[in-house]
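Descriptive structure summary
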Amino acid sequence: MLSLEDGWKWPALGLFLFLVTFGSVGLLSLGYIICILMGGLVMTLYYGRQLSKAALIAELPDLTRSKPGILTVVNRMESSPKGKNFDRRMTGASVIDDAINEVLSHAIRDYIKSWYRQVSDHDGFVLDIRQCVQKLTITFASRTKDVDWMPFFSQRLVDDFASHLRLYRRAREHANVPPTDELYKEQVQSAFFDLEVAMEKDKCRDLVCLNPEAEKQYLQNLSEVLLFLLLPPDDFQNKTFRYILREVLVNGILIPTIEMLSDPDYLNQYVAWLCKDGSFTNENFLTVIKSSHLVEELEAVKEITEQNIAKWRSQDTGGADDAVIKQKLNSLLFVKNICEGRIRRIQEGSLDDIEEAPDICRAQNIFVLSLDEIIDSNIALAVFIEFMTNVCGQQYLFFYLNVEGFRTAAGQQIMAAHQRAMNGVSTEADLESLRRAAMIIYDQYLSDKASSRIKLESDIVKRTLQKIKSKNISEDLFDEAQSKVYQILHSEQYYEAFLQSNVYHKMLQEMGLSKPDRSEDGDTSSLDEVPRIIWFPMEDSSEETSLPRSRSDSPVTMDTNITAFISQTGIVKESDKNSGKTYAVFAVRATKICGDEEEVSETYRRYSDFHDLHMLIQEKFPDFQSPQLPGKTMLKNMNKDFLEKRKKSLNTYLQILMKPENWVRYPGMKELVLKFVAPGLWEKHKSELARKMDTIVNPIRSSVKTVGRAVSTDSLADGLGKVFKSDSSDRRSLDSGKVADGLDGDADNIPLRVMLLLMDEVFDLREKNTWLRRRIVAVLKQLIKVTFGDSINKKIVDYVDFMTSAEQMAEYVRKFKMSFWPGGSLAEPRVPRDNHTKMRTRVLCRAKMLGSVSDDFRHLMGTETIRIGTSRMFDMFQHQSLNKRFVYVFLEGVIITLFPQNKFPELFTRLHSQSERVANHLAKMKESTDNAESGARKRRR
């Protein structure tokens, strides 16, 4: 046997023989075999460990456990709900639940799992979050089902917005520096919240709007209360979970949303998107930049203008489009000059606002209105009343208007009395009421003790009094006195002085009959460079008149055989024997092609002809979606730009009527339209609807008659004294409160109430005299009635119900999902917009807001009034702190509407009463009360 000492010899011998036999190849092969065996062993150990971990997590095998606590935890984890069995019902409407579940899935994926998976792979927390949101949504949905949103949208929201606008309007009045000053915005902001305290009495939102820490604390307190109402008790008692949910709600949802909604740039983009594309016109654009007070706006417009100038100059190679390029370059250079001139005047401090009326010497070729036209116009009459008041002659104008009102009302009442007399009914009471109304006018203006006595011959006064006391009273008993007053009004002292005043020129600008001087804004063109209007004498209004030929628009072919378009426009002045009547006409050129022959004819139509055709088509073809006809104007506007604009609008209207598909679909339309474009007279077909629309679109054909309607509304005895009574004292008493407190319209008429609330503050309707305000209210009532009918309230209620229906709510949720997760992926953060882009958006928004006002409303309120009103609203949106204040007002209104049984008004008062402004206001009120009581005690002594 071998000893232990010889044991190594045999392996060594074997290794030696192996090396001799196989050499180095054998040694390498042996090494490969050893490495393979070791690698297989390592991989087996690694994957076995991974599979064991997965099995422990997924299946939890029954291992030997020594402690009962571990068994309890495992049993609870095994009994946790699985996602596949999760109840996804929330609102009771599957269409809403599906949309909410999609949003919730995306939110959990991007905002929770993104960090939770780094902590744990267990889905219990995710399921708890989903279940909590489900319970919260169920509670919220059950409350909203019983809420009537109509009062909130039609009353509270509109009143809050109008009151917000009133606070801003009054805050601007408190600023003692120009808008170009850096302190202007701070002064307006400070005055705004001071006025809010005066309006609300016991609360002010300045802290939440100006202090970020106070805003966060306010939202945390509010969120705590909402979570208490909406969360299940068990979840709310869990402080850790409640605090996490509160912070996510405040910092992740409420604060970013409020910041976005109050951002002026966001509001400018949204308002510009809401306005129609056609609302942006060159005229409105130039008006905006000429009235801008911000250098940054003008610099931004100038920058983009210079870029476009460089672009068009690079294309100016002298080719076929050379004329078009030069025209565009000239237009761009014109805009650049306006911007530079405006910037220079702002920097020099020599800025003259566009609101200021230019000197009368600048108006060398102004439009002259007759006295009758002034009385027939809302705007002109309001200005004339102010002028007559300043020269102490208002009693003559008021007498004239009151007599017109009496004549209208008396005529109606006498006719009704005659009808009752024919039926054997006594009419003495009616005639006696007319006599009392006539005596009111006599006592106020003609008697020796009259408070507003007018100077007339004593014989005229005596004869008028005899007519009043006569047995048979008539509506013309004041005619002699009124005729004399008309002569006084037309004298050099009043009417002619009015024509020479600065306020007359400003009134023409307001009515769109004149333009402000443009030389200061870089427009160096003179009146001599404007094409003069040619007047054409006519022996008879029915004859066709030769008009000047101008460059016509290219015709649009509407049929293979027939085309028609408006080639030109002109002004016709009739001969003196026909009272010299002046009006605009439009040349309609029709072309008929028969084989190789072409027949061209031209006829002339007035706007009233187009209006009559429009009414006729609406009556004969009620299913036809007729295009919009440009509105009428209250006064004849012979301005070249206006006529060109109307020509384009009427031409667009005509092209739609000339479409062959409309002729095929509506038999009889072709013959009617071809008759209209054919030479010859157009026979008018005045319809009832045309008369109604004429009353609306041209609201004051004879404005003084509205006084009669106002009189007959209030009763003859009391109405005459109230028609022209000043309401300045009433306005002062109401101006410090909410807008709805002083609303004197029909509260049951929803659209009228909304329009009055907004118009009072946007266009300073309360600043107008009482007569004009009543007239505007009457026009609005007529407009709403004819446009929508008597069922307008029901239509609005149905619309609100539709907007809050399950289908629409689901659509809102889907739009929200598409905004935040386009294509199912989280949207990329917005790229910050540079300051010049924001400034250009301001200009776009303001121009679109100005252009969104219809021509009819513009003529009713006045061009300058519309411009100032829209500018005021636009400027209000540029204060982020004030925007934030209205967002909080809206949020609080929604919460109060959702939880009417809870004491949220008291809660909001308590939260907003922490402002120093509230404490100072209450101290002043207490001091004032103490002083009043002290004075009363002294007087009693």
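Conventions and cut-offs
- Residues numbered from 1 in each chain as written.
- Predicted model: local features only at pLDDT ≥ 70, side-chain atom pairs only at ≥ 80, totals over all residues.
- Heavy atoms only, no water.
- Helix = DSSP H or I, 4+ residues; strand = E, 2+ residues; numbered from the N terminus.
- Buried < 20%, exposed > 50% of the residue type's maximum accessible area, 1.4 Å probe, protein only.
- Contact = heavy atoms within 4.5 Å.
- Areas by Shrake-Rupley, 256 points an atom, 1.4 Å probe, with all protein chains shown as cover.
- Salt bridge = Lys/Arg side-chain N within 4 Å of Asp/Glu carboxyl O.
- 1 Å grid on protein atoms, 1.4 Å probe; cavity = no way out; pocket = protein on both sides within 12 Å on 5 of 7 lines; lining within 4 Å.
- Points joined across faces, edges and corners; volume = space filled by probe spheres on them.
- Nonpolar A, V, L, I, M, F, W, Y, C, P; charged D, E, K, R; others polar.
- Core = buried A, V, L, I, M, F, W, Y, C linked by side-chain atoms within 4.5 Å.
- Expected span 1.5 Å × (residues − 1).
- Polar contact = N/O pair within 3.5 Å; in protein donor to acceptor, adjacent residues only side chain to side chain.
- Phe/Tyr/Trp six-rings, centres within 6.5 Å; stacked < 30°, edge-to-face > 60°.
- Axes fitted to C-alpha atoms, helices over the stretch in contact; angles between N-to-C directions.
- Parallel < 35°, antiparallel > 145°, perpendicular 65-115°, else oblique.
- Left-handed = near helix turned anticlockwise from the far one by under 90°.
- UniProt positions renumbered as here; feature names shortened; annotations may be inferred.
- Patch = residues over 30% accessible without salt bridge, like charges linked within 9 Å, V, L, I, M, F, W, Y side chains within 5 Å.
- Pairing = 2+ DSSP bridges.
- pLDDT = per-residue confidence, 0-100.

**Topic: the overall build of the protein**
In terms of regular secondary structure, the protein is built from 41 helices and four strands. Classification of the 941 residues of the protein by burial places 42% in the buried group. Taking contacts inside the protein between residues at least 6 apart in sequence as the whole, the part at least 24 apart equals 72%. Surface exposure of the protein reaches about 53100 Å², of which carbon and sulfur atoms provide 55%.

**Let's talk about the pattern of salt bridges**
In this structure the tally under the stated criterion is 29 salt bridges. Notably, a salt bridge pairs R205 with E200, separated by 3.8 Å at the nearest N-O pair. Assigned by exposure class, R205 and E200 land together as buried. Two residues, E224 and R242, come together in a salt bridge whose shortest N-O distance is 3.2 Å. On the criterion of sequence distance, the pair formed by E224 in helix α9 (residues 212–230) and R242 in helix α11 (residues 239–262) is long-range, its members being 18 residues apart. For the pair shown, E224 and R242 are each scored as buried. Within the structure, one salt-bridge network assembled from shared partners comprises E196, E200, R205, R885 and E892.

**Observations regarding the layout of surface pockets**
Of the volumes computed, that of the second largest pocket is approximately 1300 Å³. Forming the boundary of the second largest pocket are 45 residues, of which P179, Y184, H293, L294 and D875 lie nearest the centre. Mapped by element, the contributors of at least two residues to the lining of the second largest pocket are α6 (150–174), α7 (184–200), α12 (264–274), α14 (295–314), α36 (835–851), α38 (863–877) and α39 (880–898). Tallied by class, residues from the lining of the second largest pocket come to 13 nonpolar, 13 polar and 19 charged.

**Concerning the nonpolar core**
One finds Y218, F899 and F904 to be the most contacted residues of the largest nonpolar core, which totals 64 residues. Ignoring sequence-local partners within four residues, the contact set of Y218 consists of V208, Y888, E892, F908, L911 and H912. Judged by nonpolar contacts, the second largest core, of 48 residues, contains F384, I385, F398 and M507.

**Side note on the environment of I96**
On the secondary structure map, I96 appears in helix α3 (residues 94–111). Overall, the relative accessible area of 11% leaves I96 in the buried class. In this structure I96 touches T91, A806, M809 and A810, once residues within four positions along its chain are discounted.

**Structural notes on α6**
Over its 25 residues, α6 extends 36 Å from the first C-alpha to the last, a length consistent with the 36 Å expected when each residue adds 1.5 Å. The buried count for α6 comes to 18 of 25 residues, which makes it a mostly enclosed element.

**What to know about the side chain of K817**
In this fold, K817 is placed in helix α35 (residues 806–820). A polar contact of 2.8 Å, which involves the side chain of K817, links it to the side chain of E102. Those residues in contact with K817 that sit more than four places away from it in its chain are E102, V103, H106 and P822.

**Things to note about the packing of aromatic side chains**
Within the structure shown, the criterion is met by 30 aromatic pairs. With a centroid separation of 4.5 Å and 40° between ring planes, the pair formed by F816 and F820 is classed as tilted. Taken together, the positions of F816 and F820, both in helix α35 and four residues apart, correspond to about one turn of that helix. On the basis of relative accessible area, F816 is assigned to the partly exposed category, the value being 37%. Following the ring pairs from residue to residue traces out a cluster consisting of F384, F387, F498 and Y504.

**Quick word on the packing of α11 against α39**
Two numbers describe how α11 lies on α39: the axes approach to 8 Å, and their chain directions differ by 120°. Between α11 and α39, the crossing angle belongs to the class labelled oblique. Along this stretch, α11 crosses α39, giving a crossing that reads as right-handed. Of the residues in α39, those in contact with I258, E259, L261 and S262 of α11 are Q880, N883, K884, V887 and Y888. Its residues placed into classes, the contact of α11 with α39 shows four nonpolar, three polar and two charged.

**Section: the environment of S451**
Tracing the chain through its elements places S451 in the loop between α19 (428–445) and α20 (458–469). The exposed category is assigned to S451, whose relative accessible area is 68%. In this structure the C-alpha to C-alpha distance between S451 and Q395, which are 56 residues apart in sequence, comes to 9.7 Å.

**Overview of the UniProt feature "transmembrane region" (unreviewed entry) in the protein**
Mapped onto this numbering, the UniProt entry gives "transmembrane region" (unreviewed entry) at residues 12–43. In residues 12–43, the share of helix is 100% and the share of strand is 0%. The end C-alpha atoms are 33 Å apart.

**Points about a nonpolar patch on the surface**
Side chains of L15, L19, L27, L30, I34 and M38 sit close together on the surface and give an oily, nonpolar patch of about 560 Å² of accessible area. The exposed category is assigned to M38, whose relative accessible area is 54%.

**A closer look at α36**
Taking 1.5 Å of rise per residue, the 17 residues of α36 would be expected to cover 24 Å, and the 25 Å separating its terminal C-alpha atoms lies within 8% of that figure. Of all the residues in α36, the buried ones are M839, T841, R842, V843, C845, R846, A847, K848, M849 and L850.

**As for the pairing of strand β3 (residues 582–594)**
As defined by bridge partners, β3 adjoins strand β4 (residues 597–605) across nine bridges and the pair is classed as antiparallel. Looking at the pairing, R589 lines up with E602 of β4.

**Brief notes about the confidence of the model for the protein**
Averaged over every residue, the pLDDT of the protein is 75; the share at 70 or more is 74%. Put simply, strand β1 (residues 535–538) is where the protein has its lowest mean pLDDT, 34, and α39 is where it has its highest, 93. Note that residues 515–559 has pLDDT below 50 and, in this model, 88 contacts with residues that lie over four places away or in other chains.

**What about unusual backbone geometry?**
You will see that K201, though not glycine, has its phi angle at about 75°, which is positive. Classification of K201 by relative accessible area gives partly exposed; the value is 46%. Phi at C392 is positive, roughly 60°, even though this residue is not glycine. Locating C392 in the fold gives a position in the loop between α17 (378–390) and α18 (394–422). With relative accessibility at 56%, the residue C392 sits in the exposed group.

**Here we look at the packing of α36 against α38**
Relative to each other, α36 and α38 sit at 140°, their axes nearing to 9 Å. On the basis of the axis angle, α36 is oblique to α38. Where α36 crosses over α38, the handedness of that crossing is right-handed. Of the residues in α38, those in contact with R842, C845, R846, M849 and L850 of α36 are I866, R867, T870, S871, M873 and F874.

**A short note on the side chain of S567**
Its place among the elements puts S567 in strand β2 (residues 562–574). Polar side-chain contacts of S567 include one of 3.0 Å to the side chain of E602.

**Some thoughts on the environment of T137**
Position of T137 among the secondary structure elements: in helix α5 (residues 124–144). Residues T137 and L231, spaced 94 residues apart in sequence, show a C-alpha to C-alpha distance of 9.3 Å. Residues within four places of T137 in sequence aside, it is in contact with M90, T91 and I100.

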